[in-house]
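Take a look at the letters that make up each chain.
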Amino acid sequence: MVDVEKAPDAGPREEPVRRSDAEGCLAVAVRIPVRVVVLVLVVPVRMVWDALVVAGRFLRDTVLRPVGRALAWLGRAVFVWPLVGLWRYVVVPLAKGVGWLGHVLLVVPAVWLYRWVLTPVGQGLAWCFTRVGAVLAAIGRGLYAGLAWLGRYLAVVPAVWLYRWVLTPVGHALAWCGRQVARGVGLVVTGVGFVLYWTLRVLLVLPALAVWRWVLAPVGRFLAVVGREVADALGHAWRVAGHLSRAVGRFLGTVLRWTVAEPARWVYRSVLTPVGHAVRDTVLRPLAEAGRGARRAARQALASARHSVRQARADVRRMLFGEPVERHPVDRREPSAAEARTLGSSTTALTKD
């Protein structure tokens, strides 16, 4: 009997290698050496860059910013404040004075001249020109009507007849001839273009397409893979170099802290602070108390001297001018109704007398 069933395959069928798999293999082959080389080249650059950044920040915070503030204050003191004072106390008052003089000497006479001289003269001239213009307009309308009638029957009517019965048939004939000539030229140009198209396609386009498809495109894909891997390697190396630079910076900071900062702090806390407290308690505070006592005694002496001078001046004034007249306080309250009536009757009696 004949076996009509399909025999099983002897082994797994090999699938063709796809383009993306080829590019993946190429990327894996290029990635490791490129990353190693780039890491070796980028680590010193990143460490130098981080050191320059730290130095720049220190220079900015300790030198450039104070110098900038000092220069800004100096610029304000040298340029801004004098200019503001000159504007406020010289230019503005001078401009106000000049404006007032201009208003008095120019604006007021000009307004008076415009109101009482130019306005009446202008109104009179306008009235005259209106009347003369009306007369000239009537004459112009008559002349326009006559010239329009003459132009219509001497120029427009003959031109319309010439256009309708001469130029239009001639133009139609010329247009038909032009269309026929254009159709013939179009056929010739189409044939020549067809021949040139196939000639250029066979001689230029197909070879260029073959070169692009089988040479330039693979080379471009290879260069693209290499460039992408180099860019990824640069980014990875820059990040790794950043971590290394941060670790080195932390190590140097720890070394400086334990070799410089901590001993300086210990000296400040254990030596300088007790010495400063002792100097303050044994020298500065007694000197301050003595200074305050001397200032208090001097103030009391000055007050006593001032009081003595006042007493002596009062005694001299009393000897020269006598005792001062005692001033009685004036009653500034509102008079009541009874007091107002009494005061009114007294004033009336004095008036009659």
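Refer to the structure presented above.
One structure accompanies this document, and this report is about it. Quick caveat, the model's predicted, so the values are computed rather than measured.

### Quick word on the overall build of the protein
Thinking step 1. Scanning the protein from terminus to terminus reveals 2 helices and 0 strands.
Thinking step 2. Going through the 353 residues of the protein one by one, you find that 5% of them count as buried.
Thinking step 3. A fraction of 81% describes how many contacts in the protein between residues 6 or more apart in sequence connect residues 24 or more apart.
Thinking step 4. Counting every atom, the protein has about 30,700 Å² of accessible surface; 71% of that belongs to carbon and sulfur.

### What about the packing of aromatic side chains?
Thinking step 1. In total, this model carries 4 aromatic pairs according to the counting rule given.
Thinking step 2. Look at tryptophan 149 and tyrosine 153: their rings are 5.3 Å apart centre to centre, the planes differ by 50°, and that puts the pair in the tilted class. Placement of the pair is tryptophan 149 and tyrosine 153 together in helix H1 (residues 19-321), with a separation of 4 residues, close to one helical turn.
Thinking step 3. The class of tyrosine 153 is partly exposed, set by a relative accessible area of 49%.
Thinking step 4. Between phenylalanine 194 and tryptophan 198, the aromatic rings sit 6.4 Å apart at their centres with planes inclined by 65°, giving edge-to-face as the arrangement. Here the residue phenylalanine 194 and the residue tryptophan 198 both occupy positions in helix H1, the gap between them amounting to 4 residues, near one helical turn.
Thinking step 5. Given a relative accessible area of 54%, phenylalanine 194 falls into the exposed group.
Thinking step 6. For tryptophan 198, a relative accessible area of 41% translates into the label partly exposed.
Thinking step 7. Grouping aromatic residues by their ring pairs yields a cluster made of Phe194, Tyr197 and Trp198.

### Comments concerning the side chain of serine 245
Thinking step 1. Inspection of the secondary structure assignment puts serine 245 in helix H1.
Thinking step 2. Judged by its relative accessible area of 11%, serine 245 falls in the buried class.

### Some remarks on the nonpolar core
Thinking step 1. If you look at the biggest cluster of nonpolar residues, it comprises 7 residues: Val34, Val38, Val42, Val43, Ala233, Ala237 and Ala241.
Thinking step 2. Discounting chain neighbours no more than four positions away, the residues touching valine 43 are Ala241 and Leu244.

### Considering the pattern of salt bridges
Thinking step 1. Tallied over the entire structure, the rule returns 7 salt bridges.
Thinking step 2. Of the charged contacts in the structure, one is a salt bridge between arginine 60 and aspartate 61, with a shortest N-O distance of 3.2 Å.
Thinking step 3. Taking the relative accessible area as the measure of exposure, arginine 60 reaches 40% and is therefore partly exposed.
Thinking step 4. Note that aspartate 281 is salt-bridged to arginine 280, the shortest N-O span being 3.4 Å.
Thinking step 5. A relative accessible area of 38% places aspartate 281 in the partly exposed class.
Thinking step 6. Bridged by salt links that share partners, the residues Arg60, Asp61 and Arg65 form one connected network.

Conventions and cut-offs
- Residues numbered from 1 in each chain as written.
- Predicted model: local features only at pLDDT ≥ 70, side-chain atom pairs only at ≥ 80, totals over all residues.
- Heavy atoms only, no water.
- Helix = DSSP H or I, 4+ residues; strand = E, 2+ residues; numbered from the N terminus.
- Buried < 20%, exposed > 50% of the residue type's maximum accessible area, 1.4 Å probe, protein only.
- Contact = heavy atoms within 4.5 Å.
- Areas by Shrake-Rupley, 256 points an atom, 1.4 Å probe, with all protein chains shown as cover.
- Phe/Tyr/Trp six-rings, centres within 6.5 Å; stacked < 30°, edge-to-face > 60°.
- Core = buried A, V, L, I, M, F, W, Y, C linked by side-chain atoms within 4.5 Å.
- Salt bridge = Lys/Arg side-chain N within 4 Å of Asp/Glu carboxyl O.

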